[in-house]
Amino acid sequence: MEIWKKNLWVLWFGSFIVSSSFSMVIPFLPIFLIQIGVTENVEMWSGILFSSAFLAGALSSPFWGSVGDKYGRKAMIIRAGFVLCVIYLLTSFVTSPVQLLILRILQGLLSGFIPGAIAIVGTNTPEHKVGYALSTMSTATATGSIMGPLLGGILSKIFDNRLAFASAGVLCFLATMLVIFYVKEEKFVPGKDRVSVFNTVKLALHNKLLVVVLVLTMFTQFSVMTIEPVLPLYIVEFGHSASDASILAGVIFSLVGIASIIFAPRWGKLADKIGFQKILLIGLFAGGVGSLLQIPFHNIWGFSIVRFLYGCFFCAVFPALNGLIVRVTSSDFRGRAFSLSQTSNQLGGMLGPLAGGAISGVFSIHAVFLLTGILLLLTMGLAFWSQRFTREPDTQSSSATINH
């Protein structure tokens, strides 16, 4: 097997394991808080625990991207993998919410397995296969987000949440060992710039299309994450009980992941032929329209069908954004570029649920779907407008693209 293909599948499996380990424990944090004796302000502690890791990761990602560009992305993946292993194992022994909060902040500050894996795939894959490879990588996180809650729920039901955290740590250790022995970073050119977050941001600002991609990433993540806190409540409005709503919400979230697994590689292959910008516009337009079409449905079957169709198209968006990063940055800046993308993603992931919950409380849940649809269409408009002053380089010449 060619080295780039071996890297792709090993990193796919590693990212799947890390994504699964994350989603097998994080959704159950509120229950874990009760288990360790928290009886008051459980909702407040849950919100703090969720947002703290996002904020810490957003702040630290540019630094780790700089270190990766200087010393190698494989080394950063190994570092992040072992950190996750230790943090999950320690989490299984916590006895207070403060201890849990400290570990969540450390997890945000020190992790970065999946962004590092994407950076290696984006740098070590032949240019005409980048779209396919990045789209394939996106299915790893989609599959992990489906399997993780299922595995975590089973472990929590049969044993308890502490075993789920410990199991997540063991899985991260196995993923890291796979990277150590089977991933080879061929096309690594050490960056000449000193490790500096300020310097990273300064260089990125000189690349207009990269800045546009980062803005699009934050707006897109913000838009889709507004739905997260209100979807179970929306299902309750269909007439289901709260317990049934939790199960049905998990199934409906999984539908989007299943659609991604099926269609993301196909969008990637098409992107290699017609360009990432066109695929991005298609995905954002379909995502916006799909969000609006979810409003009229007031039964679970119709709503589920629309969500699946929405996932079939929207799964093209984030791989296209990652592909554009590869196209418009030089290889010695690519780790930093993906780390900045991670920062944008985490900022959107942190602010989106807050906005969705606030809008749902003031207006209605339908207003959240309306906002999401409008925001995605506006994001598509920004992506279309950005083509006026900057164009995606041709595949043949993209390797010569400089970042400033």
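Only a predicted model underlies this, so the values are computations on that prediction, with no experimental measurement involved.

> Outline the overall build of the protein, supporting the account with residue identities and numerical values.
Across its full length, the protein carries 17 helices and zero strands. Within the protein, the proportion of its 404 residues that are buried is 55%. Considering only contacts within the protein whose residues lie at least 6 apart along the sequence, 86% involve residues at least 24 apart. Taken as a whole, the protein presents about 17400 Å² of accessible surface, with 71% of it coming from carbon and sulfur.

> Could you give an account of the environment of Thr123, naming the residues involved and the relevant values?
Within the secondary structure, Thr123 is located in helix 6 (residues 113-124). Along the sequence, Thr123 and Val326 sit 203 residues apart, while their C-alpha atoms lie 7.3 Å from each other.

> Run through the nonpolar core, naming residues and quoting values.
Counting residues in each nonpolar core, the largest one holds 86 residues, and the members touching the most others are Leu11, Val25, Leu33, Phe113, Met137 and Leu280. The residues contacting Leu33, other than those within four sequence positions of it, are Val38, Val42, Trp45, Ser46, Leu49, Pro97 and Leu100. Listed in part, the 10 residues of the second largest apolar core include Tyr234, Ile235, Ile252 and Phe303.

> Outline the packing of aromatic side chains, listing residues and values.
Across all of its chains, the model carries eight aromatic pairs by this definition. A centroid spacing of 6.2 Å and a plane angle of 40° characterise the contact between Phe13 and Phe16, whose relative ring orientation is tilted. Here Phe16 and Phe13 lie together in helix 1 (residues 3-23), a separation of three residues that amounts to about one turn. Through a chain of ring-to-ring contacts, the aromatic side chains of Trp12, Phe13 and Phe16 assemble into a single cluster. The side chain of Arg79 reaches across the aromatic face of Trp64, ending 3.6 Å from its centre.

> Outline the layout of surface pockets, supporting the account with residue identities and numerical values.
Empty space within the second largest pocket amounts to approximately 210 Å³. As for the second largest pocket, its lining consists of Val201, Ala204, Leu205, Val211, Leu214, Val215, Met218, Leu340, Thr343, Ser344 and Leu347. Of all elements in the fold, only helix 9 (197-205), helix 10 (208-225) and helix 16 (334-362) reach the threshold of two or more residues within the lining of the second largest pocket.

Rules used in this analysis
Residues numbered from 1 in each chain as written. Predicted model: local features only at pLDDT ≥ 70, side-chain atom pairs only at ≥ 80, totals over all residues. Heavy atoms only, no water. Helix = DSSP H or I, 4+ residues; strand = E, 2+ residues; numbered from the N terminus. Buried < 20%, exposed > 50% of the residue type's maximum accessible area, 1.4 Å probe, protein only. Contact = heavy atoms within 4.5 Å. Areas by Shrake-Rupley, 256 points an atom, 1.4 Å probe, with all protein chains shown as cover. Core = buried A, V, L, I, M, F, W, Y, C linked by side-chain atoms within 4.5 Å. Phe/Tyr/Trp six-rings, centres within 6.5 Å; stacked < 30°, edge-to-face > 60°. Lys NZ or Arg CZ within 6 Å of the ring centre and 35° of its normal. 1 Å grid on protein atoms, 1.4 Å probe; cavity = no way out; pocket = protein on both sides within 12 Å on 5 of 7 lines; lining within 4 Å. Points joined across faces, edges and corners; volume = space filled by probe spheres on them.

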